[in-house]
Amino acid sequence: MTQETRVVSDSMGELEVPADALYGAQTQRAINNFPISGQGMPRGFIEALLLVKETAARTNEALECLDGDVAQAIIAACEETAAREDLLAQFPVDVFQTGSGTSSNMNANEVIGTLASARAGQEVNPNDHVNFGQSSNDVIPTTIHVSAALAVQQQLLPALEHLADAIDAKSQEVGQHVKTGRTHLMDAMPVTFAQILGGWASQIKQCTARIVQAQDGMLGLTQGGTAVGTGINTHPEFAVNFAANLAQKTGLNFRCADNFFAAMGSQDAAVALSGQLKTTAVALTKIANDLRWMNSGPLAGLGDITLEALQPGSSIMPGKVNPVIPEATCMVAAQVIGNDTTITVAGQAGNFELNVMLPVIASNLLQSIELLANVSTQLADRAIATFAVNVDNLARSLDRNPILVTALNTIIGYNKAAAIAKQAYAEQRPIIEVALEATDLTEERLRELLDPAKLTEGGLT
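1. Side note on the overall build of the protein chain
Each helix and strand counted, the protein chain has 19 helices and ten strands in total. Against the 2.2 N^0.38 benchmark of 23 Å for 461 residues, the protein chain shows a C-alpha radius of gyration of 30 Å, more extended than a compact globule. Of the accessible surface of the protein chain, which amounts to about 21,300 Å², a share of 52% is contributed by carbon and sulfur atoms. Here the protein chain contributes 27 positive and 48 negative side-chain charges, whose respective centroids are spaced 12 Å apart.

2. Describing the environment of Ile384
Here Ile384 shows up in helix α13 (residues 358–384). Sequence separation of Ile384 and Leu163 is 221 residues, and the distance between their C-alpha atoms is 8.6 Å.

3. Concerning the packing of helix α7 (residues 136–174) against helix α8 (residues 193–217)
How two helices sit against one another is set out by the angle between their axes and by the gap between those axes. Between α7 and α8, the shortest axis-to-axis distance is 9 Å and the interhelical angle comes to 165°. Between α7 and α8, the angle is such that the two are roughly antiparallel. When you trace α7 past α8, the crossing you get is left-handed. Residues that form the contact of α7 with α8 fall into these classes: 17 nonpolar, six polar and three charged.

4. As for the pattern of salt bridges
Applying the stated rule across the entire model yields 23 salt bridges. One salt bridge connects Asp290 with Lys286, and the closest N-O pair in it is separated by 2.6 Å. Separated by four residues within a single helix, Asp290 and Lys286 lie in helix α11 (residues 268–295), roughly one turn from each other. A relative accessible area of 39% means that Lys286 is categorised as partly exposed. The salt bridge partner of Arg429 is Glu437, with a shortest N-O separation of 2.6 Å.

5. As for the state of the cysteines
If you walk through the whole model with that rule in mind, you get zero disulfides. Left unpaired, Cys256 is separated from the closest cysteine sulfur, that of Cys65, by 15 Å. Lacking any disulfide linkage, Cys330 is separated from the closest cysteine sulfur, that of Cys207, by 15 Å.

6. Digging into the packing of aromatic side chains
Under the counting rule described, the total for this entry stands at two aromatic pairs. Judged by centre distance (6.3 Å) and plane angle (35°), the rings of Phe193 and Phe387 are tilted. Here Phe387 lies in the loop between α13 and β10 (388–389) and Phe193 lies in helix α8, a separation of 194 residues in the sequence. The residues Phe193 and Phe387 share a single accessibility class, namely buried. Geometrically, the ring pair formed by Phe238 and Phe242 is tilted, given 5.7 Å between the ring centres and 35° between the ring planes. With a gap of four residues between them, Phe238 and Phe242 both fall in helix α9 (residues 238–250), about one helical turn apart. A residue is classified by how much of its surface remains accessible, and Phe238, at 0% relative accessible area, is buried. Over the face of the ring belonging to Phe387 we find Lys170, whose NZ or CZ atom lies 4.7 Å from the ring centre.

7. Comments concerning the side chain of Glu110
Summarising the element assignment, Glu110 is placed in helix α5 (residues 102–120). As a buried residue without a salt bridge, Glu110 has its nearest oppositely charged side chain in Arg6, at a separation of 8.0 Å. Those residues in contact with Glu110 that sit more than four places away from it in its chain are Leu22, Tyr23, Gly24, Ala25, Gln26, Thr27 and Pro126.

8. Topic: helix α1 (residues 25–33)
Within the sequence span of α1, burial applies to Ala25, Thr27, Gln28 and Ala30. Contacts made by the buried residues of α1 are with β1 (5–10), β2 (13–18) and α5.

9. Some remarks on α11
Taking 1.5 Å per residue as the helical rise, α11 with its 28 residues ought to reach 40 Å, and the 41 Å between its terminal C-alpha atoms agrees with that figure. Following α11 by one or two positions, Gly297 adopts a phi angle in the positive range, close to 135°.

10. Points about the layout of surface pockets
Of the volumes computed, that of the largest pocket is approximately 590 Å³. Forming the boundary of the largest pocket are 22 residues, of which Asp187, Arg396, Ser397, Arg400 and Asn401 lie nearest the centre. Those elements giving two or more residues to the lining of the largest pocket turn out to be β3 (178–183), β4 (186–192), α14 (391–399) and α16 (414–427). A breakdown of the residues in the lining of the largest pocket according to their chemical character gives ten nonpolar, seven polar and five charged.

11. Section: the pairing of β1
Put simply, side chains in a regular strand alternate between the two faces of the sheet. The pairing of β1 with β2 spans six bridges and is classified as antiparallel. Looking at β2, one finds that Thr5 is bridged to Pro18. Following β1, the chain reverses through two residues before pairing antiparallel with β2.

Definitions and cut-offs
Residues numbered from 1 in each chain as written. Predicted model: local features only at pLDDT ≥ 70, side-chain atom pairs only at ≥ 80, totals over all residues. Heavy atoms only, no water. Helix = DSSP H or I, 4+ residues; strand = E, 2+ residues; numbered from the N terminus. Rg over C-alpha atoms; globule rule 2.2 N^0.38 Å. Areas by Shrake-Rupley, 256 points an atom, 1.4 Å probe, with all protein chains shown as cover. Lys, Arg positive; Asp, Glu negative; His and termini not counted. Charge placed at Lys NZ, Arg CZ, Asp CG, Glu CD. Axes fitted to C-alpha atoms, helices over the stretch in contact; angles between N-to-C directions. Parallel < 35°, antiparallel > 145°, perpendicular 65-115°, else oblique. Left-handed = near helix turned anticlockwise from the far one by under 90°. Nonpolar A, V, L, I, M, F, W, Y, C, P; charged D, E, K, R; others polar. Salt bridge = Lys/Arg side-chain N within 4 Å of Asp/Glu carboxyl O. Buried < 20%, exposed > 50% of the residue type's maximum accessible area, 1.4 Å probe, protein only. Disulfide = S-S within 2.5 Å. Phe/Tyr/Trp six-rings, centres within 6.5 Å; stacked < 30°, edge-to-face > 60°. Lys NZ or Arg CZ within 6 Å of the ring centre and 35° of its normal. Contact = heavy atoms within 4.5 Å. Expected span 1.5 Å × (residues − 1). 1 Å grid on protein atoms, 1.4 Å probe; cavity = no way out; pocket = protein on both sides within 12 Å on 5 of 7 lines; lining within 4 Å. Points joined across faces, edges and corners; volume = space filled by probe spheres on them. Pairing = 2+ DSSP bridges.

From the geometry alone we can't say anything about function, so treat these as descriptive.
As structure tokens, then:
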């Protein structure tokens, strides 16, 4: 079935667009030129782009650079588009497009112009009105910063706080239990679950603090720099007023970038934020793998804990249950680490006055934030909050752990303690039995010295 079309034109001539499309010629050229991935710009990016356009119209109206009726029509069109799924579908431009993101900027200008024209009863031109005092070169970097800062604030930080709270709550529930510690995956001195979980919580809280610090760098905006950072064709007060208006609208402390040339020619703040997302991915991998190892078994593994059974683990082995949430967490972490590599390489594409890999930075950055937020919530609710401690398994491992002899080092010396440990391991006997034979220490004294719970407190014996 042939799709109905209409003819539109731009500075390069005429071409056909779908009859029901709200966009115009420049968007259609991008659709024709970039049939690459079928992956459009992220929804969060489009919503932030609409917010940037809305804020620009408000600012330009207040500065008397736009007619009030035109500005209000643009504002209403932006708000309507952000609120309607069918209108958000009017942004089909591929992520892999022109490196400045001009195609996405014009996509927004054209859609907003069409809707605003209908509201105003007069032409609202995509370039002359919707894009007044703006350039793709300041709009797209600004949109990257706005979308990422909002996503961090609204999605990631609450999710990480929830995860840290879940770890702290679990520590209160099971923290008293003592287990064999492990270094190099080998038996080591005992630790409590409170100590293990406290380490996890500290990791997440440190990651959160680093992300907040990196988020602050994203609050500096290029808007007002226009084409190359000089602010050509925009009101001298536009940049400061735009940032203030956006801060009031969002509750985040957006401000003008310290230097438009640095902010447009580089994407250092985005690279820095991505680096902290990568660090968070590494932390989540450590926690997820600890859970997987402790859950391993249930008979031939460590069996320290049992994770909640969420789904059958095999299509051929009945009764098998796998640690699916930790596994999903590790895959998310791998994706985020890969995204960081892409963002790092893209961040190097600052050629003179403009970075020319902006769309892929935006896409990968927002994907990383969303993935980390979603999987942190699942890890908290479906793995950490619900695992059970296998107390009997912990006790058996502690009883057979020859490394407990470390507590005797200061009393009998390292070499004699090592000999006792080797004998206990070779004969598969409790360390206290061998130590009772090999030293003149009483059983009462040995039980005191080798008490696993007391050994978790550190200090000299």
